[in-house]
Amino acid sequence: MFKKFNPLLKEQVLRSSTWGHHFIFLNGLLAIFIGLVYLYAAPKTDGFIPFIYLVVTWLGQLSFLAFLLFLIIFFPLTFIGSFRWYRIISTVLAIIMHVLLLVDAKLFLTIKAHLSWTVCSLMLRDLDFNTGLNFNFMYIAIFILIGLEYLFVKLSNRELYKSADRNNHFPTVVMIIVSACFIASHGIFIWADANNYEKVTNMRSLFPAHYPMTAKSFLSNHGWIDENDRKIVLSNSSFKYPLDTIAQADPVKKNNTIMIFINGMSYSDLSQDVTPNLMESKRQYTSFENHFLPYESLEDNIFAASFGLPIQYKTRFTSHDVEPVTVDYMQKLEYIIRIFSTKPSSNTQNNIAKTLGINEDRFSFKNSDAEIFENALSFIENLKPEQSYVVNINSDTLTSTELNSKQRQEKLSAIDKAFGDFIHTLNEKNLLNDAMVIITSSKANPSAVNPHATYSMSAQHVPMILMLPDNGLRGVSFFNISSHFDLVPTFAIEILGIQTPCSNYAIGNSLLKLPQRDFIISSKGASLLMILKNKVVVYRKNGKAYIDNNGQKQDTKPNLETLIRAMREINRFNG
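Caption draft 1: Up close: the sheet that holds strand β14 (residues 545-549). Strand order in the open sheet formed by five strands is β11-β12-β13-β14-β15, and the pairing between neighbours is antiparallel. Each edge of the open sheet is held by one strand with a lone partner, namely β11 (520-524) and β15 (552-556). On average, each strand axis in the sheet is inclined to that of its neighbour by 25°, with strand direction left out of account. Note that β14 and β15 share five bridges and pair antiparallel. Bridging across to β15, Asn 549 finds its partner in Gln 552.

Listed below in structure tokens is the structure:
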């Protein structure tokens, strides 16, 4: 015997299908409205064709996603045979889908990446929700979505009982427009891809589930590559620095700071024969064995050490006369600031002064390294006990490319002796008990630089020795990777007593609270660099990556998760 088909089931399926068409149409319009976020976050379009591609892709892709969800999920659900349950399930699913779309839009707005397993894993493990990537807006958005979906249910119910010949052409017109946009979007992209028109092909992954995200499209989305492909730039011309109000607890004891930069010295230059005093300080005090300069240029490294930020902010900060947060608080605490340096080139003095936000009358220039140490010592000795100071000693003698090996050793030995006498005198007079001394370099040994390497690790690996007040933490070596980005947080936290998390004003951490980080971010031209302990990963402007180990280059697969983390660090202070 054959079982008769239930006419009621057929009617329920038909009603559900008809209602579902209206319901998904309204949700498609809502998805297109939410998709305006992607237009806002898209890189600046230069030209008529890229603008048209952006608009037609927005209309075509988001409406196509709504249609695809209907075919895959909502249409099969009509066969459950219950019109009431179909509406309930469809409403719940629609709310969930729009929540996911809002999360994806927020992710793209903040870190230029779409929702994926990689991004979700990174969010749960690494991202700090207090510095830009928070979803507090969802508390309001979910209630708005529920209200809108309730309205869509009512409107779809009403459509079931309206006359079929009421001449409502609006849905038909909309479907024709979005279908034409979908076809036009892919047509324009095919043409652009065939003609290598990168202004269009670089926008291939602006919208969710449009094209898979690649390293090249990811870098292009952020606007890191300028039109001339010469350097990495930030995706936004505005900035917010610091991210939050700086809170400070006045230290019980105002400690002093002495920063000694022996520029042109790499870690490999240290030896018992040539630099016995530096080696003794390295053994007696706190040494950071994996300290790397982020950049090749002296001025770029000075900016990194002064602000704790990458050089992508340098031009805008100097043009807007932005001072490091530490300079502002040193002035509030009435610190006396002085810089003692060997004579620089004509432009270096002005550039350093502008970078540090310090008046040029606080600079003192001498011809020899012995003189700058003697001058700094005389300045410290003549201060009153209640006066707090920050002294910066810069030696540029070793940065000369004209020195041969023997001359370099003689110069380095002379600097080491001047340094040793300086520290010995301060110790004898008990002037180190209330001072933190930082000894490092802001420029690699020019003769040690490998011209075939994108980043010469052996040369850029420089000493970092820290002497703490009251003889704290002596005879200790740290092997976590560190850089000049960590100097500002160290000074701000350990000396100035700034309590605001350092992520609000720098991308580094205090040297005394170094995390087990995987890499240090840097850049060179149009390449993004991830500096590890024994190698550097280079992301080129075409999105491809390779490992550079002191000139030994090996292709590697781009890691999107690493790019997301690096991008978020570099763009953290974008306004």
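There's more to say after this.
Caption draft 2: Fine view of unusual backbone geometry. Look at the link from Tyr 241 to Pro 242: it is a cis peptide, with omega at -10°. Secondary-structure assignment places Pro 242 in the loop between α9 (215-221) and β1 (256-262). Of note, Glu 334 is a non-glycine position whose phi angle comes to about 60°, a positive value. Looking at where Glu 334 falls in the secondary structure, it is placed in the loop between α13 (325-332) and β4 (336-342). Residue classification places Glu 334 among the exposed residues on the basis of a relative accessible area of 65%.

Caption draft 3: Fine view of the sheet that holds strand β6 (residues 389-395). Taking strand neighbours across the sheet as the criterion, the eight strands line up as β5-β4-β6-β1-β7-β8-β2-β9 in an open arrangement whose pairing is mixed. In the strand order of this sheet, the two ends are held by β5 (363-366) and β9 (476-478), each with one partner. Averaged over all pairs of adjacent strands, the angle between their axes in this sheet comes to 15°, without regard to strand direction. As paired strands, β1 and β6 are joined by six bridges and run parallel to one another.

Caption draft 4: How the structure looks around a nonpolar patch on the surface. Where nonpolar side chains cluster on the molecular surface, the patch consists of Ile 80, Trp 85, Ile 88, Ile 89, Val 92, Ile 96, Leu 100 and Leu 115 and spans about 650 Å² of accessible area. Note that Ile 80 resides in the loop between α3 (48-77) and α4 (83-111).

Caption draft 5: View of the pattern of salt bridges. Under the criterion given, the structure shown has 12 salt bridges. Note that Lys 314 is salt-bridged to Asp 300, the shortest N-O span being 3.0 Å. Of this pair, Lys 314 sits in helix α12 (residues 314-319) while Asp 300 sits in helix α11 (residues 298-307), and the two are 14 residues apart along the sequence. With respect to class, Lys 314 is no different from Asp 300; both count as buried. Among the ionic pairs, Asp 328 bridges to Lys 332, the shortest N-O distance being 3.7 Å.

Caption draft 6: Expanded view of the packing of helix α15 (residues 369-381) against helix α16 (residues 405-428). Two elements in contact, α15 and α16, have axes whose closest approach is 9 Å; the angle formed by their N-to-C orientations is 15°. On the basis of the axis angle, α15 is roughly parallel to α16. In this structure, α15 crosses over α16, and the sense of that crossing is right-handed. When α15 is examined against α16, the residues Asp 369, Ala 370, Phe 373, Ala 376, Leu 377, Ile 380 and Glu 381 are found in contact with a partner set consisting of Ile 415, Ala 418, Phe 419, Phe 422, Thr 425 and Leu 426. Class assignment for the residues of the contact of α15 with α16 results in 10 nonpolar, one polar and two charged.

Caption draft 7: Structural view of the nonpolar core. Residues Tyr 241, Leu 309, Phe 317, Met 330, Phe 491, Leu 496 and Tyr 505 are the most contacted members of the largest nonpolar core, which totals 53 residues. When neighbours within four sequence positions are excluded, Phe 491 is seen to be in contact with Thr 257, Met 259, Thr 326, Met 330, Val 390, Met 436 and Leu 496. Formed by 49 residues, the second largest nonpolar core is a distinct cluster that contains Tyr 38, Phe 74, Ala 141 and Ile 188.

Caption draft 8: Just the packing of aromatic side chains, in detail. The tally for this structure, following the rule as stated, stands at 23 aromatic pairs. An angle of 55° between the planes, with centres 5.8 Å apart, marks the rings of Tyr 38 and Phe 207 as tilted. Note that Tyr 38 is positioned in helix α2 (residues 36-41) and Phe 207 in the loop between α8 (198-201) and α9, a separation of 169 residues in sequence. Each member of the pair, Tyr 38 as well as Phe 207, carries the same accessibility label: buried.

Caption draft 9: Up close: α16. Between its first and last C-alpha, α16 extends 34 Å over 24 residues, near the 34 Å set by a 1.5 Å rise per residue. Those residues of α16 not exposed but buried are Arg 408, Leu 412, Ile 415, Asp 416, Ala 418, Phe 419, Gly 420, Phe 422, Ile 423, Thr 425 and Leu 426. Looking at the buried residues of α16, the elements they touch are β1, α10 (276-284), α15, β6, β7 (435-440) and β8 (465-467). The residue sitting at the N-terminus of α16 and contributing the capping side-chain oxygen is Asn 404; that oxygen lies 3.2 Å from the backbone nitrogen of Lys 406. Asn 430 sits one or two positions beyond α16 and adopts a positive phi of about 55°.

Criteria and thresholds
- Residues numbered from 1 in each chain as written.
- Predicted model: local features only at pLDDT ≥ 70, side-chain atom pairs only at ≥ 80, totals over all residues.
- Heavy atoms only, no water.
- Pairing = 2+ DSSP bridges.
- Helix = DSSP H or I, 4+ residues; strand = E, 2+ residues; numbered from the N terminus.
- Axes fitted to C-alpha atoms, helices over the stretch in contact; angles between N-to-C directions.
- Buried < 20%, exposed > 50% of the residue type's maximum accessible area, 1.4 Å probe, protein only.
- Patch = residues over 30% accessible without salt bridge, like charges linked within 9 Å, V, L, I, M, F, W, Y side chains within 5 Å.
- Areas by Shrake-Rupley, 256 points an atom, 1.4 Å probe, with all protein chains shown as cover.
- Salt bridge = Lys/Arg side-chain N within 4 Å of Asp/Glu carboxyl O.
- Parallel < 35°, antiparallel > 145°, perpendicular 65-115°, else oblique.
- Left-handed = near helix turned anticlockwise from the far one by under 90°.
- Contact = heavy atoms within 4.5 Å.
- Nonpolar A, V, L, I, M, F, W, Y, C, P; charged D, E, K, R; others polar.
- Core = buried A, V, L, I, M, F, W, Y, C linked by side-chain atoms within 4.5 Å.
- Phe/Tyr/Trp six-rings, centres within 6.5 Å; stacked < 30°, edge-to-face > 60°.
- Expected span 1.5 Å × (residues − 1).
- Polar contact = N/O pair within 3.5 Å; in protein donor to acceptor, adjacent residues only side chain to side chain.

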